[in-house]
Amino acid sequence: MEVRIAQDWKPHLNEEFSKSYFVELVDFVKSEYQEHTIFPPGNLIFNAFEQCKWNDLKLVIIGQDPYHGPGQANGMCFSVNHGVKFPPSLRNIFKEIDLEFEKGLPLDGDLTHWANQGVLLLNATLTVQSGEAGSHQGKGWETFTDNVISMINKKKKNIVYLLWGNFARSKKKLIDASSNLILESPHPSPLSAHRGFLGNDHFKKANEYLFDQYQVRLEF
C-alpha cells in the first residue's frame, strides 16, 4: 500500500505507520485490493494528506466512509472526481454554501481546491469495497484516523472542526473545545439535512473565526 502524503505530514505520521495495528491494516488492505474492487484507487488512499499540507491546516471536516460507487471516491470526504454527478450529501453541502454566500451550485464536485487551502477532508475509514458500504470499518482505519485527530489537537490550536451527524460528533471527545472552534449539526444527507444542516451557517462561522485567528478566509 503506497502512503502518499505531503512531505510536512511525515514527521507527524511516520511513527503511526510503524505501529503494529497499522502494519496489520496494510496487510488487510493489500489483500482486499488484490481480491476485490476497492475504492478509492490505491494511489489516492491518503489523498486528503497529500492535498492539505500540515503547515496550511486550518479546518477539519470528518466523514465516515469513502463513496462505494465506481469513479466517485478520490480520497477526500464528500469530494468526488471531476465530472461525477454530485452525491446527495455533497449537493446539500453546496446548497448550504449557496444559502450563505449566494454563489449558486458549482460545476464540479472535486474539493481539491478546499484541501489546497488547508481543509483536511478526513474520512474515518479510508477504503471501502465496491458496493459494500462500511465494509472496511473495524479493520484499523478508525484507530489511525482517531490518532490523527488527537495528534492535530495536541500539536495545533485554533483549528475549526465541522462535525456533521452523530458519527462525526462522536469525535468531539478527541478535541479541546477551549482552544479550537467546534461546529456541530445534523448530517447533510437528505435524511437529515432539513433538520438543521441547511441553515447552519457553518462556512460563514468558520471564515469569521479563521479571519480572527489568521486574517484569512477560505474560498468554498
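We now turn to the structure provided with this report. On a predicted model such as this, the values are computed, not experimentally measured, just so you know.

**Examining the state of the cysteines**
Then, number 1: In this structure the tally under the stated criterion is zero disulfides.
Then, number 2: No disulfide involves Cys 52; its sulfur sits 11 Å from that of Cys 77, the nearest cysteine.
Then, number 3: Residue Cys 52 is classed as buried on the basis of its relative accessible area of 0%.

**Some thoughts on the pairing of strand β5 (residues 160-164)**
Then, number 1: Extensive coverage of β5 is indicated by the burial of five of its five residues.
Then, number 2: Bridging between strand β2 (residues 59-63) and β5 involves three bridges; their strand directions are parallel. From the neighbouring strand, Leu 59 faces β5, where its bridge partner is Val 160.

**A short note on the packing of aromatic side chains**
Then, number 1: Counted under the stated rule, the structure contains 21 aromatic pairs.
Then, number 2: When the centroid spacing of 6.4 Å and the interplanar angle of 80° are considered together, the rings of Phe 22 and Trp 141 count as edge-to-face. Of this pair, Phe 22 sits in helix α2 (residues 20-35) while Trp 141 is found in helix α6 (residues 141-155), placing the two residues 119 residues apart along the sequence. An identical accessibility class is assigned to Phe 22 and Trp 141; each is buried.
Then, number 3: In textbook terms, an aromatic cluster arises when at least three aromatic residues are bridged by ring pairs, as seen for Trp 9, Phe 17, Tyr 21, Phe 22, Phe 46, Phe 49, Trp 54, Trp 141 and Phe 144.
Then, number 4: A cation sits over an aromatic face here: Lys 156 above Trp 54, 4.6 Å from the ring centre.
Then, number 5: Above the plane of the ring of Phe 211 lies Arg 217, whose end atom (NZ or CZ) is 3.9 Å from the centre.

Criteria and thresholds
Residues numbered from 1 in each chain as written. Predicted model: local features only at pLDDT ≥ 70, side-chain atom pairs only at ≥ 80, totals over all residues. Heavy atoms only, no water. Disulfide = S-S within 2.5 Å. Buried < 20%, exposed > 50% of the residue type's maximum accessible area, 1.4 Å probe, protein only. Helix = DSSP H or I, 4+ residues; strand = E, 2+ residues; numbered from the N terminus. Pairing = 2+ DSSP bridges. Phe/Tyr/Trp six-rings, centres within 6.5 Å; stacked < 30°, edge-to-face > 60°. Lys NZ or Arg CZ within 6 Å of the ring centre and 35° of its normal.

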